[in-house]
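Here is what each chain is made of, one letter per residue.
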Amino acid sequence: MVLAGIVHLIHAFAHRPDPVLVWFFAGSGIVQLLVAGFVWRQTDEAPWAAMIVNGGLIGLYFATRIVSANPEPVEAIAIVSKSLEALGIALAIGAVRSTSSREPLADAGSTVSRRQLLKAGSVAAASIASGGMFSRFAVAQQEPQHGRGTTHGGGELGPHFGNAAVGSIDTSIFDPMKYLREFDYGDVSKDVDGRTIRDYRIIATDTEIEVAPGVMFPAWVYNGKVPGPTIRATEGDRVRIKFTNAGSHPHTIHFHGFHRAGMDGVFEVVEKGDSFTYDFIAEPFGLHHYHCHVTPLKRHIHKGLYGVFIVDPPGGRPPADEMVMVMNGFDTNLDGENEVYAVNTVAHYYLHNPVIVKQGQLMRIYLVNITEFDLLNSFHPHATFFHEYRTGTKLEPDNFTDTIILGQGERSILELTYKDPGDYMFHAHVSEFAELGWMGLFRVEP
Amino acid sequence: MDGSVPGRALIETPTRSRAPRAVLALVPILLLGGLILFLTLRGPAGIFPGDFPPVEDLTVGRVDVEANQIKLVVTNGGPAPVTIAQVLVDDAYWQHTVEPSRTIERLRNATVTIPYPTVAGEPVNLLLVTSTGLTFEHTIEVATETPAVDARFLWTFALLGIYIGVIPVALGMTSIPFLRTLSPRWLLFFMAFAAGVLVFLGVETLAEALEESGELPTAFGGVGVVTVSAIGAFAVILAASRRFQARTTRDRRIAVAFAVAGGIGLHNLGEGLAVGAAYRLGEIALGAFLVIGFAIHNTTEGLGIVSILGDSKTKMKTLVALGAMAGAPTILGAWGGAFLFSPLLATVFLGIAAGAIAEVIIEVMRVVRDQAAGGLASLESLGGLAAGLVVMYATGLFVAA
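Residues numbered from 1 in each chain as written. Chains lettered and ligands numbered in written order. Predicted model: local features only at pLDDT ≥ 70, side-chain atom pairs only at ≥ 80, totals over all residues. Heavy atoms only, no water.

Next up on the list: the nonpolar core. By size, the foremost hydrophobic cluster in this structure holds 62 residues, and its most contacted members are Met325(A), Leu367(A), Phe379(A), Phe426(A), Trp438(A) and Phe442(A). Per element, the largest residue contribution to this core is 6 residues, and it comes from strand S10 (residues 321-330) of chain A. In this structure, Phe200(B), Leu201(B), Leu319(B) and Met392(B) belong to the second largest nonpolar core, which totals 40 residues. (Core = buried A, V, L, I, M, F, W, Y, C linked by side-chain atoms within 4.5 Å. Buried < 20%, exposed > 50% of the residue type's maximum accessible area, 1.4 Å probe, protein only. Helix = DSSP H or I, 4+ residues; strand = E, 2+ residues; numbered from the N terminus.)

All names here are of chain B. Taken as a whole and judged by the stated rule, the model has 17 salt bridges over all chains. Residues Arg185 and Glu380 are paired through a salt bridge, measuring 2.6 Å at the closest nitrogen-oxygen approach. Note that Arg185 is positioned in helix H4 (residues 184-213) and Glu380 in helix H11 (residues 379-396), a separation of 195 residues in sequence. Judged by relative accessible area, which is 6%, Glu380 ranks as buried. For Glu363, the salt bridge is made with Arg366, and the minimal N-O distance between the two is 3.8 Å. In this pair, Glu363 and Arg366 both sit in helix H10 (residues 343-371), 3 residues apart, roughly one turn of the helix. (Salt bridge = Lys/Arg side-chain N within 4 Å of Asp/Glu carboxyl O.)

The buried fraction of helix H9 (residues 329-339) of chain B amounts to 9 of the 11 residues, a majority that puts the element mostly inside the structure. Of all the positions in H9(B), only Pro329(B), Thr330(B), Ile331(B), Gly333(B), Ala334(B), Gly336(B), Gly337(B), Ala338(B) and Phe339(B) are classed as buried.

Here the focus is the packing of aromatic side chains. All names here are of chain A. In this structure the tally under the stated criterion is 27 aromatic pairs over all chains. A centroid spacing of 5.0 Å and a plane angle of 55 degrees characterise the contact between Phe255 and Phe280, whose relative ring orientation is tilted. With a gap of 25 residues between them, Phe255 in strand S6 (residues 254-255) and Phe280 in strand S7 (residues 275-281) connect regions that are remote in the sequence. With respect to burial, Phe255 and Phe280 carry one shared label: buried. Their ring planes at 15 degrees and their centres at 4.0 Å tell us that Tyr341 and Phe433 sit as a pair that is stacked. Of this pair, Tyr341 sits in strand S11 (residues 340-343) while Phe433 sits in helix H9 (residues 431-435); the two residues are 92 residues apart in sequence, bridging distant segments of the chain. The pair Tyr341 / Phe433 is uniform in exposure class, with both members buried. Against the face of Phe183 rests Arg232, its NZ or CZ located 4.6 Å from the ring centre. Here the basic side chain of Lys303 rests over the ring of Phe217, its NZ or CZ set 5.8 Å away from the ring centre. (Phe/Tyr/Trp six-rings, centres within 6.5 Å; stacked < 30°, edge-to-face > 60°. Lys NZ or Arg CZ within 6 Å of the ring centre and 35° of its normal.)

All names here are of chain A. What the 6 strands build is an open sheet, ordered S11-S10-S13-S18-S15-S16; its pairing is mixed. Looking at which strands have only one partner, the edges of the open sheet turn out to be S11 and strand S16 (399-401). Pairs of neighbouring strands in the sheet enclose a mean axial angle of 25 degrees, with direction left out of account. Here 7 bridges tie S10 to strand S13 (residues 363-369), and the two strands are oriented parallel to one another. Paired with Met325 across the strands is Leu367, a residue of S13. (Pairing = 2+ DSSP bridges. Axes fitted to C-alpha atoms, helices over the stretch in contact; angles between N-to-C directions.)

Our focus in this paragraph is a negative patch on the surface. Taken together, Asp335(A), Glu337(A), Glu432(A), Asp90(B), Asp91(B) and Glu137(B) make up a surface patch of like negative charges. Within the element layout of this structure, Glu337(A) appears in the loop between S10 and S11. (Patch = residues over 30% accessible without salt bridge, like charges linked within 9 Å, V, L, I, M, F, W, Y side chains within 5 Å. Areas by Shrake-Rupley, 256 points an atom, 1.4 Å probe, with all protein chains shown as cover. Lys, Arg positive; Asp, Glu negative; His and termini not counted. Charge placed at Lys NZ, Arg CZ, Asp CG, Glu CD.)

Residue and element names in this part refer to chain B. Two numbers describe how helix H8 (residues 316-327) lies on H9: the axes approach to 5 Å, and their chain directions differ by 20 degrees. Here H9 runs roughly parallel to H8, going by the angle between their axes. Residues Ala324, Met325, Ala326 and Gly327 of H8 lie in contact with H9, whose contacting residues are Pro329, Thr330 and Ile331. Its residues placed into classes, the contact of H8 with H9 shows 5 nonpolar, 2 polar and no charged. (Parallel < 35°, antiparallel > 145°, perpendicular 65-115°, else oblique. Contact = heavy atoms within 4.5 Å. Nonpolar A, V, L, I, M, F, W, Y, C, P; charged D, E, K, R; others polar.)

Here we take up the confidence of the model for chain B. The predicted model of chain B has a mean per-residue pLDDT of 81, with 87% of residues at 70 or higher. Two summary scores accompany this predicted model of the complex, namely pTM at 0.74 and ipTM at 0.71. (pLDDT = per-residue confidence, 0-100.)

What follows covers the packing of H4(B) against H11(B). Residues and elements named next belong to chain B. Across the interface, H4 lies against H11 with an axial gap of 6 Å and an inter-helix angle of 45 degrees. Taken together, the axis directions place H4 and H11 in an arrangement best described as oblique. Crossing angle aside, the handedness with which H4 passes H11 is right-handed. Note on element contacts: H11 touches H4 through Leu379, Glu380, Ser381, Gly383, Gly384, Leu385, Ala387, Gly388, Leu389, Val391, Met392 and Tyr393, opposite Arg185, Leu188, Phe189, Ala192, Phe193, Ala195, Gly196, Val197, Val199, Phe200 and Leu201. Of the residues contributing to the contact of H4 with H11, the split by class is 16 nonpolar, 5 polar and 2 charged. (Left-handed = near helix turned anticlockwise from the far one by under 90°.)

Right, dumping it as structure tokens:
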């Protein structure tokens, strides 16, 4: 019984934020200790009081749990205190039984008299009543404050829109909005033939990235971010990339484009701490990408070592609002399936932070699919159609549609315009990917 | 060293005051506390490098389903705090709230409320994603609206308890006139039959307790809960029966009958818990078939109780008490299972039931051993035991649950 009292007092401590519960548990704990004191002194009404108090507290516990609309989850500590109380009851019964079968002691007058029973009963009743009063308050406190069952899953996006990752990421480390329209043209210089040389610096490191609000992923990155920097050159330029491996595993950079064998980034593995300079001519014009090509291949790509490589045609393309969208995914629990799908790494980011575009303006999306584990990915903007330039290697479009699929490693340049202002969704038409984070909004402003 | 007075203790322990002994008892505890303090503050002196991701364990306990809301109680049974970052419902990230906080400390709970349009009768697959990217799955087999506590449901489950608990036991007890016509050897056979019934129930309850304990968070030590409850109940009932010194054989028989009724009552409490919880989760249909099955199965239990009484005259009052003791807990169990279901409570109750039944088996077999001509290995003893087991198994086949 002492133990049960101590447990209750400890429990009171644990519930400190809620004053009512604290009083209830502290009160019942103190009462139990007092009655335990009586039992220690072996007065005769004590076992009865013990039985009644403990029985009452157990009954109260069950009653409040059944009746209260929003009961607290059953905690182990409650089980412990209830079992100790039950034990107390059993021992009290045993004590009463043994005294009644024993010869009455001459001095104590130990048979329980009605008066003693009344005394014990009133003490016990008072403690139960006070406990009951407090627990009634405790139950009232627990009435659900928030509305029950908002239809179809409410949230910041409205009552019928529950499908979204909750919260927001720390954009000081990686800002998907900044990445969207950022191009790295490198350090420009000219060589003796008048050919433009562009120098870039890429460093591979290990870091943790946030792929959904609150969900961290241990990534391998180029220049601190996933995807890596968008390298942009004009066809015919000489591209020089000094690659340093500051990560914990060997890496390379394998480019998609024309280049000679030694610059392929496959057999020339760059060990930890080493460097390698990739040097080739940017060709053909179009939209390409680069990624690590060390085995195991799935792991090195999937952990974040990829980025976009744009080669502009010599005459350039018509002016447009240009954006880079990399369709990627993350397997956070390492079971061979992606738990997070996104465009530009963060699940549902552009859903919470819509991409602002102007009404009537030509938009050019450089769309790359680097999603691991799934055969294909898709892109579908609402309320408009686009011209698709597959791999961007022609100046004439291949397709005029509103939904395309891309295999892993495939990429297309899409050109589209929005005629009217408003919010328009864009997402993978593979609904599973859309629900798992690959969904965004275009906010068209007049 | 006083050897002069025979029968007296050779070593006299002088009485000391209590204080030094209490202090001595506290010394190892204080030292242990000091070590723990040292380790938590200073770390284990660099023995274990702390680069490994923490082991996480989340268990979903109670689930409440409504037409437009799912509520989960999640317990952290692992060694480190866990932060729930996102929730996936059927492979879709969904809006949700976590009370009181997204980070759950060790052994604490949190309630996850998800406003979601559930389709009645279809399963829901939930995935909790933590801040380290680990996922914890929970499947709601059949989305059914959790019954609200009102008079109708209380009455439904009371009725259920009466149909599968009280009535069958009472029916079993109507075999008393038949038992009274039997010879002493046959009576002992039926007593052993009762023990066989109890053995069947005891093993079944223990198995259910262990199965239920598997649903508990790891830190609670599921099997440990079962062990403590079972052995605890065993010990308490053993102590209680020791204290009750019966004077006549008849009194002893009645006492054992009450013990058997108590054991069966506890088992039925567990049975009621299981049925109530299954109904709550939509995994069971309270059809006539179920009730019939239980009626057949539990009638045997009633027979078991009265077999103990043998040919002694028993008052109707006593018989009613026995029946109530064995059957009524089903009602309490059904209420408990339907309305405040928690795997921890269920495990504890099932463990207690298993332990109580074990003790009662010993009581019954003791009577058989004392009164049978061949003791425990006699034909009536072993035959009755076997018959009890077989009949319980056979009638159990009728139970659709």
